[in-house]
Amino acid sequence: MPIGRKFLPFAWLAAVVFSQMAAAAEDSFYRVPLADLKLAEGELPDEGEYRPWRSWERVQAMQPYAVLDGEGEAYIEFQTVRRGWAATPSMLRSEGAVVARAPAGRDLSGFLYLPKADYTGMVKLRFTIPMSAAMKESEAFYRAKQQHYQELLDRGLPGAAWFRHQARSARRKLRADEAGQILDALPPGSRDVGDTFDLFSGGRAIRENLQLDRELRLAGKTDEMVDVGSIKGITVAEIDWKPLLAEVAPRLDPLARSVPADQHAVFFPSFSAAVDLADEMSRQATPFSRLILARSEDELVRERYERQLCLSLSTVARVIGQKMVASVVLTGSDPYFFTGTDVAVLLETAQPAALKTLLLGRATAAAGQEVGAKAVSGETEGLVWSGFVSPDRRVCCYVAQLDGAVLVTNSTAQLARLGQVRRGDAPALATLDEYKFFRRRYPLGEGDETALVFLSDAAIRRWCGPKWRIAASRRLRDAAVMSELEADFLDDLVNGKVEEGPIHTDLPLAGTGELRLGPHGVRSSTDGTLEFQTPIAEMALDRVTKAEADAYVRWRDGYQSNWRWAFDPIALRLSVDARRLSADLTVMPLIFGSEYRSFIEVARGAQIKPTSGDPHQALAHFILALNRESQQLRAGANFAEGMVRVKVLDWLGEWVSVYVDDDNEYWQGLAKSADPEQAMQYASAHLDRLPVGVHVAVRDSLKLTAFLAGLRAWVEQTAPRMTDWEALTYRDEPYVKVGPSERARGEIPPNVGQPNLYYSFSADGLVLSLNEDLLKRAIDRQIERREAKKEGKEIRAVSRPWLGSSLCFQFDGRLLALFDAFGGESLRETIQARSWGNLPILNEWRRRYPDRDPVKLHEEFWHTRLVCPGGGEYVWNDEWQTMESTTYGHPGEPKAGPQSSLPLGGTKAGNFGITFEQNGLRARGTIEREEREAEKE
């Protein structure tokens, strides 16, 4: 018998055994509707008290999830409704299903976590799925998985690169067409700011004018190339500053003669001022991020650049002391600090050689802690430099000596630019008329200046030019590809199994450099790393694609269509001390499409004076200048005149103010409300106590009298016998009570207080309020001012001065406490949900790498530190199979967190003002605070 046939039975038996083993190793897939799911413990939640007014972020955080015992993964699927919607109990029963993947050949079991109807927490259910429910088809599973990760990505949570990678992997399993898919390097809105704070701080003006967050939108694909130099940049005219300059030249910052004219600059009067501002920003970062940012993470910008430059502010401050450095300037070619930019720090000193030696000594010690950092030296544009550089640029430090200064930078491009300025081959910032204008407005040497931030016309024009915009777009697109590869190789990176070498990808790269994988992640020879991308100033960008050129032209044309006069340099003075934070911002001019436009139209030509608006110790006070010729006021006046047949603008003055007075009884009663519905009920029942007043300036009291008479006649004609008008007096001053008549009172619901309106008017203005006591206090102040004027006494404002002449807002620190007490629950829920926003990615790391600290792992490979906005830590909760915050808990078992949710603890008052001037604005703001104990000492 041939030997092959002799062993045929054994071969057949082996094939059968191996096939069975292979079948056992294969995955099985499951899909079981929640209504049919076998529950070993617990029950699906009832409808209960559904609370749709809960914080939407809280609702999103309480999405149902499932965890299997042993190997496998499970997701909750909704057939017809996106899971981003509120998962009500009825929806769970009718739409929900558990889909799972697990090794074949066994029953499944695990836990299901579902939100309670009122979103006060979640319920934990034990479930089982028999092996008989297994199916070979995987489509339902991968569709649910793709949906799960896509929705996490859409929520803009930390971990976007990983969620995108997982969604893309699931789509590949579904064989979906991925052509034309866009990989987003950063989630939308991750650094957006709150509208109200943004408006009064002037921050919105900066964002509107620069529009750095508007990415280029490429349409189509072409191999045709275009010289970047042939693409026309910004053509908006420059401002002629000569007429705005004073005859006497202002003092200029000594280091301004070393800074290139087309770079941003931050001037500090001393090294300690730079340290103070950096420390203040670090202190305020967490509390402000609670309200302003959609994500709770620290991008470690200060730490990364201090490590890269080998220039720890606190350490260097101790080494060099206060006398060796006279002033400091931070400069660079663009503002992309988060992703990677070239920065230079210039230190003014009378001892440049000694300071350079000290800094190189510190750099030697710091670079020695980084693997691969090597000493380098050379000469660029006449500057002799020494320093240290590592291949991934975690360390990149060049130190050079200038005339009366020492330069520390992370880029040879900065060495070249500053060398050219030093030789006179490039203009210095000190030569710019606009810089001189701002130094006259913000005089050098004023005692309270901590920093002056200056953006020249040339700097902003370059940021908006074709090279910078297209290069920024390329970096963003390539960062998305690099983050996808980082996620793809993450297992090897975490487990330390990476051998450095080139890698390849089928994803489209904008750059042409080589990609390599190293122990710290993916690195591009042209784009750098995810931690620090190659600065745009260092990128060779002579030719771009036709699609990129067309995208820039579309952006440029849209951008320039918003300008009507000239381009916009910007200056910002900052002052920081123990008791006060102050900012003074000038933007000239504003972009035409500014959201300030409606305010500008109303306020242009009018002016708020020191005594305007009845200044007094209010909890909050808002005032707006009124230009009677503005289109908006004319439109409103035309409508009113159609009713009362009297011209409104004939009596209207130059401002209107709204204020909120203190009333402990009212505010404390409102604060006791358990939810917004109860608060509305309390407010309705106490309308007569609402401590809000409106004060309108009057230029002609006789014409106001005619207007009010006409208004009364119109009301009587429109609603006969529905109102009572009663003339009253207080301190011989007349005022009027307008309330419902006896006939009308019978139609008012019993839970609504008496809606009486009180008003008084005189040459001092028209005052209106629902609170009679508030009106009387306003009359008291009018009488006091009138008597002081008669006696020739100076009328002193008893409150803080208005900081602007067009639009102002003030608040007392007590308002924050009232706001925290009344709106605190909703605010705490929002902050709590933002703390929970870090849990999805931390859970991914904990389940995938159970022996690693998820927070440290995320920081190591994704270069951001996930922080709890309440100051807590993130730890693992085994019972609920989730990470949780020690401060806020997790969606299943929430913790209330700190009693106060507001930033700026210890704030005594806030004062903000805006002046619209020369087609631009000046915004000033001050936060007064209690002095910290540490600073008192």
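Definitions and cut-offs
- Residues numbered from 1 in each chain as written.
- Predicted model: local features only at pLDDT ≥ 70, side-chain atom pairs only at ≥ 80, totals over all residues.
- Heavy atoms only, no water.
- Helix = DSSP H or I, 4+ residues; strand = E, 2+ residues; numbered from the N terminus.
- Buried < 20%, exposed > 50% of the residue type's maximum accessible area, 1.4 Å probe, protein only.
- Contact = heavy atoms within 4.5 Å.
- Areas by Shrake-Rupley, 256 points an atom, 1.4 Å probe, with all protein chains shown as cover.
- Phe/Tyr/Trp six-rings, centres within 6.5 Å; stacked < 30°, edge-to-face > 60°.
- Lys NZ or Arg CZ within 6 Å of the ring centre and 35° of its normal.
- Pairing = 2+ DSSP bridges.
- Axes fitted to C-alpha atoms, helices over the stretch in contact; angles between N-to-C directions.
- Salt bridge = Lys/Arg side-chain N within 4 Å of Asp/Glu carboxyl O.
- pLDDT = per-residue confidence, 0-100.
- Core = buried A, V, L, I, M, F, W, Y, C linked by side-chain atoms within 4.5 Å.
- Expected span 1.5 Å × (residues − 1).
- Arc of directions from axis to C-beta.

### Some words on the overall build of the protein
- Helix and strand counts for the protein come out as 29 helices and 39 strands.
- Burial status across the protein gives 53% buried among its 937 residues.
- Restricting to contacts in the protein with at least 6 residues of sequence separation, those with at least 24 account for 72%.
- Carbon and sulfur atoms provide 53% of the accessible area of the protein, an area that totals close to 43400 Å².

### Considerations on the packing of aromatic side chains
- Under the defined criterion, the tally for this structure stands at 26 aromatic pairs.
- Between phenylalanine 111 and tyrosine 113, the aromatic rings sit 6.4 Å apart at their centres with planes inclined by 35 degrees, giving tilted as the arrangement.
- Between tyrosine 666 and tyrosine 682, the ring centres sit 5.7 Å apart and the planes meet at 55 degrees, which makes this aromatic pair tilted. Placement of the pair is tyrosine 666 in helix H21 (residues 664-671) and tyrosine 682 in helix H22 (residues 676-685), with a sequence separation of 16 residues. The two residues tyrosine 666 and tyrosine 682 agree in class, both being buried.
- An aromatic cluster of at least three residues, connected via ring pairs, comprises Phe29, Tyr75, Phe141, Tyr142, Tyr149 and Phe163.
- Geometry around tryptophan 555 places arginine 469 over its ring, the cationic atom sitting 4.3 Å from the centre.

### Structural notes on the sheet that holds strand S6 (residues 108-115)
- Taken in spatial order, the four strands of this open sheet run S2-S7-S6-S3, and their pairing is antiparallel. Of all strands in the sheet, those with a lone pairing partner are strand S2 (38-41) and strand S3 (65-68), marking the two edges. Looking at each pair of strands side by side, their axes are set apart by 35 degrees on average, direction ignored.
- Pairing between S6 and strand S7 (residues 122-129): eight bridges, direction antiparallel.

### Some points on the environment of glutamate 716
- Relative to the helices and strands, glutamate 716 resides in helix H23 (residues 701-718).
- Those residues in contact with glutamate 716 that lie beyond four places of it in its chain are Arg721, Thr723 and Trp725.

### Observations concerning the pattern of salt bridges
- Scanning the model with the defined rule gives 53 salt bridges in all.
- A salt bridge links glutamate 531 to arginine 394, with the shortest nitrogen-to-oxygen separation between them at 3.4 Å. In this pair, glutamate 531 is assigned in the loop between strand S21 (528-529) and strand S22 (543-545) and arginine 394 in the loop between strand S14 (383-389) and strand S15 (396-402), connecting sequence segments 137 residues apart.
- Under the relative-accessibility criterion, arginine 394 is labelled buried at 19%.
- Of the charged contacts, one joins arginine 852 and glutamate 860 as a salt bridge, the two residues approaching to 2.8 Å between their closest N and O atoms.
- Owing to a relative accessible area of 41%, glutamate 860 belongs among the partly exposed residues under this scheme.
- A single salt-bridge network, built from bridges that share partners, covers Asp253, Arg439, Glu446, Glu449 and Arg573.

### Quick look at unusual backbone geometry
- Positive phi outside glycine occurs at glutamate 381, with the angle close to 50 degrees.
- Counting through the fold element by element, glutamate 381 comes out in the loop between strand S13 (374-380) and S14.
- Of the residues examined, glutamate 381 reaches a relative accessible area of 28% and is grouped as partly exposed.
- In this structure, histidine 863 is a non-glycine residue whose phi angle is positive, near 65 degrees.
- By the element assignment, histidine 863 lies in the loop between helix H28 (854-862) and strand S33 (865-866).
- Judged by its relative accessible area of 12%, histidine 863 is buried.

### A closer look at the confidence of the model for the protein
- When the pLDDT values of the protein are averaged, the result is 83; 85% of them are 70 or greater.
- Considering only residues more than four positions removed or in separate chains, one finds that residues 1-25, a stretch of pLDDT under 50, has three contacts.
- Within the model, the stretch residues 177-212 combines pLDDT values under 50 with 95 contacts to residues more than four positions away or in other chains.

### A word on the nonpolar core
- Ranked by size, the top nonpolar core spans 103 residues in total, and within it Phe271 and Trp651 carry the most contacts.
- Here the element with the most residues in this core is helix H9 (residues 271-292); it accounts for six residues.
- Apart from residues no more than four positions distant in its own chain, tryptophan 651 is found in contact with Val696, Ala697, Val698, Arg699, Asp700, Lys703, Leu704, Phe707 and Leu766.
- Residues Tyr149, Leu493, Ile503 and Val855 belong to the second largest nonpolar core, which totals 50 residues.

### Brief notes about the sheet that holds strand S5 (residues 96-103)
- With respect to topology, three strands assemble into an open sheet ordered S1-S5-S4, the strand pairing being antiparallel. The open sheet has two edge strands with one neighbour each: strand S1 (27-33) and strand S4 (73-78). Strand-to-strand twist of the sheet, defined as the mean angle between neighbouring strand axes without regard to direction, takes the value 20 degrees.
- Bridge analysis of S1 against S5 gives seven bridges, and the strand direction is antiparallel. Bridge assignment links arginine 31 to a residue of S5, and that residue is valine 99.
- The sheet contacts of helix H5 (residues 139-154) involve S1, S4 and S5, and relative to S4 the element is tilted by about 80 degrees.

### Notes on helix H12 (residues 352-367)
- In this model H12 runs 22 Å from its N-terminal to its C-terminal C-alpha over 16 residues, within 8% of the 22 Å that 1.5 Å per residue would give.
- For H12, the full list of buried residues reads Pro352, Leu355, Lys356, Leu359, Leu360, Ala363 and Ala367. Each buried residue of H12 sits inside an arc of 130 degrees when the element is viewed along its axis, so together they form one side.

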